[in-house]
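These are the residues of each chain, in order.
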Amino acid sequence: MTWTVVYFDHTGRLGGAERSLVDLTTRLDRSLVRPVVVVGGDGPLTGTLRRSGVAARVLPIDPWISGASRGRPLALLARALRPGPFLSAARGLARVLEEEGASLLHTNSQKAHWIGLLAARLARRPVVWHFRDILEPGLLRWVSRGGSRLTTATIAISGAVRETLCVAGAGARIVVVHNGIAARPARSPRTQGPPRVGMVGQLARWKGPEVFLEAAALVAGSRPDVRFSLVGGVLFPEAEGDYEAVLRRRAVELGVADRVRFEGPVDDAGALMDSFDVLVHPPIRPEPFGRVLVEAMLAGLPVVASTAGAAGEIAVEGETGRIVPDGRPGELAGAVLDLLADPERAAAMGAAGRRRALDRFSIERTVEGVQAVYRSILGSPPVQSPGP
């Protein structure tokens, strides 16, 4: 007999947090854990899970909650805690916990945490927050710190995330388990075509795509042979609007529209990375983790990342690539030019990055860390009594 763990995410879209959830739930030890994923709306996430053999249920959440933006913290809290939709979602999730015979609830997103906290109380189950955000100083961070003291345990995806959550008395319940990525073959050395520099991620202002375009213009001024790829789409249009159109206009203004290829969202970013010489990750707000950095390192790519957030826990300055101050396209461009000018050094950094990623950021290591949290809460898994 195994533990049934119910995982809850407020959206059916496939962002970085949801991809990490898929990676985790598809690789759990099924003799130990039976995963059931509940999502707040149907979408690509449910199909991906079901094709991978993971049970997925849809619990529709009122758009008043799911459409709230953390960019407006007071409005977000007002929406998230609006009695009618909030209580309805929590009661619905509590019913799922009871129907599934859940041993534990594991929440995966900021909005899911609060609904899950009440649902777990209603169903009398332990709850684990999988915290994947670095919240700006202010109301949301303060409230989340308080909430983390009410959970059974909290998993932080990086030391940077844990640091923003820690308060007196809560630190022992906040465990760092880095996201893990499934290993893939290293890319083959490129021998043809112009050098290509890429950025991969959702098109969101905080991810820094405008900084990438400004750096591209500076690189092109010195190396007109270099080409650039911007991979990803707008995942949350309710917060970003038609941001891709904004970026396309900015590329025209900077004079690089003919050098930048907008690839759109792709299912396998790793395949596109094989055509890159350098991966750039330039968030202007602290990055909670940075899956794309690990994916690039696994591909054997040297990376250039901003200092914001957890980049320094993943990449190592001068060893696996370059780490530069966030929001400074000039320094970003300089680091890219240095790598392009010294292919042998860039290749050595890529190889070092792959070794580091395989050693420290494997999905197997993540699964072990999460299952260790379950054991610390539930003890040994229940043993089915033999039949007569």
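Going by the structure above, here's the rest.
Residues numbered from 1 in each chain as written. Predicted model: local features only at pLDDT ≥ 70, side-chain atom pairs only at ≥ 80, totals over all residues. Heavy atoms only, no water.

Asker: Got a sec to walk through the overall build of the protein chain? Specific residues and values, please.
Answerer: Of the regular secondary structure elements, the protein chain holds 17 helices and 13 strands. For a compact globule of 388 residues, the expected C-alpha radius of gyration is about 21 Å, and the protein chain comes in at 21 Å, within 12% of that figure. Buried residues in the protein chain amount to 53% of all 388 residues. When the accessible surface of the protein chain is summed, it comes to about 16,200 Å², and 52% of that surface belongs to carbon and sulfur atoms. (Helix = DSSP H or I, 4+ residues; strand = E, 2+ residues; numbered from the N terminus. Rg over C-alpha atoms; globule rule 2.2 N^0.38 Å. Buried < 20%, exposed > 50% of the residue type's maximum accessible area, 1.4 Å probe, protein only. Areas by Shrake-Rupley, 256 points an atom, 1.4 Å probe, with all protein chains shown as cover.)

Asker: A description of the sheet that holds strand S4 (residues 104–107) should follow, citing residues and the corresponding values.
Answerer: The strand order S3-S2-S1-S4-S5-S6-S7 describes an open sheet built from 7 strands, whose pairing is parallel. Whereas interior strands pair on both sides, the edge strands pair on one side only; in this sheet they are strand S3 (55–58) and strand S7 (174–176). For this sheet the average axis-to-axis angle between neighbouring strands, irrespective of direction, equals 25°. Against the sheet, helix H1 (residues 16–25) touches strand S1 (3–9), strand S2 (33–39) and S4, its axis set at about 170° to S1. (Pairing = 2+ DSSP bridges. Axes fitted to C-alpha atoms, helices over the stretch in contact; angles between N-to-C directions. Contact = heavy atoms within 4.5 Å.)

Asker: How would you summarise helix H13 (residues 291–298) if you had to cite specific residues and measurements?
Answerer: Of all 8 residues that make up H13, 8 are buried, and the element is covered over most of its length. Three or more residues of H13 are buried, namely Arg291, Val292, Leu293, Val294, Glu295, Ala296, Met297 and Leu298. Where H13 ends, the next residue or the one after it, Gly300, has phi of about 85°, a positive value.

Asker: Which residues make up the environment of Arg250, and what are the values?
Answerer: Note that Arg250 resides in helix H11 (residues 243–254). Look at Arg250 and you get partly exposed, because its relative accessible area is 24%. Between the C-alpha atoms of Arg250 and Arg360, which are 110 residues apart in sequence, the distance is 38 Å. If near-sequence neighbours (up to four positions away) are discounted, Arg250 is found in contact with Leu213 and Glu214.

Asker: Kindly report on the layout of surface pockets, identifying the contributing residues and their values.
Answerer: Considered as a void within the structure, the second largest pocket measures approximately 440 Å³ in volume. As for the second largest pocket, its lining consists of 23 residues, and the residues nearest its centre are Arg187, Arg190, Asp277, Pro343 and Ala347. Along the lines of polarity and charge, the residues of the lining of the second largest pocket split into 12 nonpolar, 6 polar and 5 charged. (1 Å grid on protein atoms, 1.4 Å probe; cavity = no way out; pocket = protein on both sides within 12 Å on 5 of 7 lines; lining within 4 Å. Points joined across faces, edges and corners; volume = space filled by probe spheres on them. Nonpolar A, V, L, I, M, F, W, Y, C, P; charged D, E, K, R; others polar.)

Asker: Talk me through the nonpolar core; I want residue IDs and the actual numbers.
Answerer: Counting residues in each nonpolar core, the largest one holds 58 residues, and the members touching the most others are Phe8, Leu93, Leu105, Ile115, Val200, Leu279 and Val294. If we skip the residues at most four places from it in the chain, Leu105 touches Val6, Phe8, Leu93, Leu97, Gly116, Ala120, Pro126, Val127 and Val128. Within the second largest apolar cluster, 31 residues are counted, among which are Ala220, Val226, Phe262 and Val336. (Core = buried A, V, L, I, M, F, W, Y, C linked by side-chain atoms within 4.5 Å.)

Asker: Explain the pattern of salt bridges to me, and be specific about the residues and the numbers.
Answerer: One side chain can pair with another of opposite charge once the charged atoms of both are near each other. This structure, assessed with the given rule, holds 18 salt bridges. Here Arg27 ties to Asp23 by a salt bridge, and the two come within 3.7 Å at their closest N and O atoms. Relative accessible area serves as the criterion here: at 38%, Arg27 is assigned to the partly exposed category. A salt bridge links Glu263 to Arg261, with the shortest nitrogen-to-oxygen separation between them at 2.7 Å. Overall, Arg261 belongs to the partly exposed group, its relative accessible area being 43%. What you see here is one network of salt bridges that share partners, running through Asp23, Arg27, Arg291 and Glu295. (Salt bridge = Lys/Arg side-chain N within 4 Å of Asp/Glu carboxyl O.)

Asker: Could you give an account of the sheet that holds strand S8 (residues 196–200), naming the residues involved and the relevant values?
Answerer: The strand order across the open sheet formed by 6 strands is S10-S9-S8-S11-S12-S13, and the pairing between neighbours is parallel. The open sheet terminates on both sides in strands that have one partner only, identified here as strand S10 (260–264) and strand S13 (321–324). Adjacent strand axes in the sheet meet at a mean angle of 20° when their direction is disregarded. Pairing between strand S11 (residues 278–281) and strand S12 (residues 303–306): 3 bridges, direction parallel. By the bridge assignment, Val280 is partnered in S12 with Val304. Against the sheet, helix H9 (residues 209–222) makes contact with S8, strand S9 (227–231), S10 and S11, and its axis sits at roughly 175° relative to S9, the strand it touches most. Where H13 meets the sheet, its contacts fall on S8, S11 and S12, and the angle it forms with S11 comes to roughly 170°.

By themselves, these observations are geometric and do not establish any function.
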